[in-house]
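# Breakdown of the fold
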Amino acid sequence: MNFIDKIKNRETVIGPFSKTSDAGMVEAMGYAGFDFIIIDLEHGPNSILNAQNLIRAAQLSATFPIIRVAENEAVNIGQALDIGAGGVQVPQVTNAAEALKAVQSAKFYPQGMRGVCRFVRAAEYSNKDRFEYFREANDCVLILQLEGTEAVKNIDEILAVEGIDIVFLGPYDLSQALGVSGQINHPLVLDKMRDIIARCKVNDIATGVFTDNINDAKIWVNLGVNYISYSVDVGIIQEACKSIIAEVLAG
């Protein structure tokens, strides 16, 4: 079952952020079995140019390619989709107007007002039938990162915006909004997460979080989070290296 089908069926999907800018690393992670890989253009050294090859590597290893854009702007979102990203993850969404802006930028008419150009990789550089391209392009996955206390306050208005596939929550932002900064496993945080997950389900929207350890990942899965963004490729490599060194020296 592919990524989109798993999300629609509310099954758990897991994948890392990628900051290495190395197509071989993306390909290797795909063969390892990750459902998706998030190519990071917000907090990584990647560019829209080299992201094309990272997308190719993900597709080669049957892994769903997502680009986290640098900001919620039409040009950023459009470029990411033009080069073949299957989904875009949009940071710093705090209200319904910003959510609607992201939808409008990611979807062609009638769902949105994405800029049209068929001479792009996603359209096989104009080889694909234009109507087929427009239809398929509107199946792209839109992930909105709700960040800060304002986003938590405006959650119902944001969820009412049509076209959102996944709401991505920051547990640390949530803990701060609830007055227990940094305590991501605090009962207040977990209760609020349950509440948000339930509201998302009512609106037929999946939920996602970032985590960098197995125990927390299991907590989020058990709470009903579908989209588990697990750590970052450079962090995964570093932790594996530390573990190998420690085990070898332990004798």
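The sections below set out a description of the structure shown in this document.

About the criteria used
- Residues numbered from 1 in each chain as written.
- Predicted model: local features only at pLDDT ≥ 70, side-chain atom pairs only at ≥ 80, totals over all residues.
- Heavy atoms only, no water.
- Helix = DSSP H or I, 4+ residues; strand = E, 2+ residues; numbered from the N terminus.
- Rg over C-alpha atoms; globule rule 2.2 N^0.38 Å.
- Buried < 20%, exposed > 50% of the residue type's maximum accessible area, 1.4 Å probe, protein only.
- Phe/Tyr/Trp six-rings, centres within 6.5 Å; stacked < 30°, edge-to-face > 60°.
- Core = buried A, V, L, I, M, F, W, Y, C linked by side-chain atoms within 4.5 Å.
- Contact = heavy atoms within 4.5 Å.

A few words on the overall build of the protein. A tally of regular secondary structure across the protein gives twelve helices and eight strands. Taking 251 residues into account, the globule formula puts the C-alpha radius of gyration at 18 Å, and the protein, at 18 Å, falls close to it. Across its three principal axes, the protein shows a C-alpha extent of roughly 60 × 45 × 30 Å. A total of 251 residues make up the protein; the buried ones form 47% of that total.

With that out of the way, let us pick up the packing of aromatic side chains. Counting across every chain of the model gives nine aromatic pairs. An angle of 70° between the planes, with centres 5.6 Å apart, marks the rings of Phe3 and Phe36 as edge-to-face. Placement of Phe3 in helix 1 (residues 3-8) and of Phe36 in strand 2 (residues 36-40) is noted, with a sequence separation of 33 residues between them. Assigned by exposure class, Phe3 and Phe36 land together as buried. On the basis of an interplanar angle of 10° and a centroid distance of 4.4 Å, the ring pair of Phe3 and Phe64 is categorised as stacked. Residue Phe3 is located in helix 1, and its partner Phe64 is located in strand 3 (residues 64-68); the two are separated by 61 residues in the primary sequence. For Phe64, a relative accessible area of 14% puts it in the buried group.

What follows concerns the nonpolar core. Counting 54 residues, the largest nonpolar core has Ile67, Val90, Leu144, Leu146, Ile164 and Met193 as the members making the most contacts within it. With six residues, the single largest contributor to this core is helix 10 (residues 187-202). Beyond its immediate sequence surroundings of up to four residues, Val90 is in contact with Val69, Asn72, Ile77, Ala102, Leu142, Ile143, Leu144 and Gln145.

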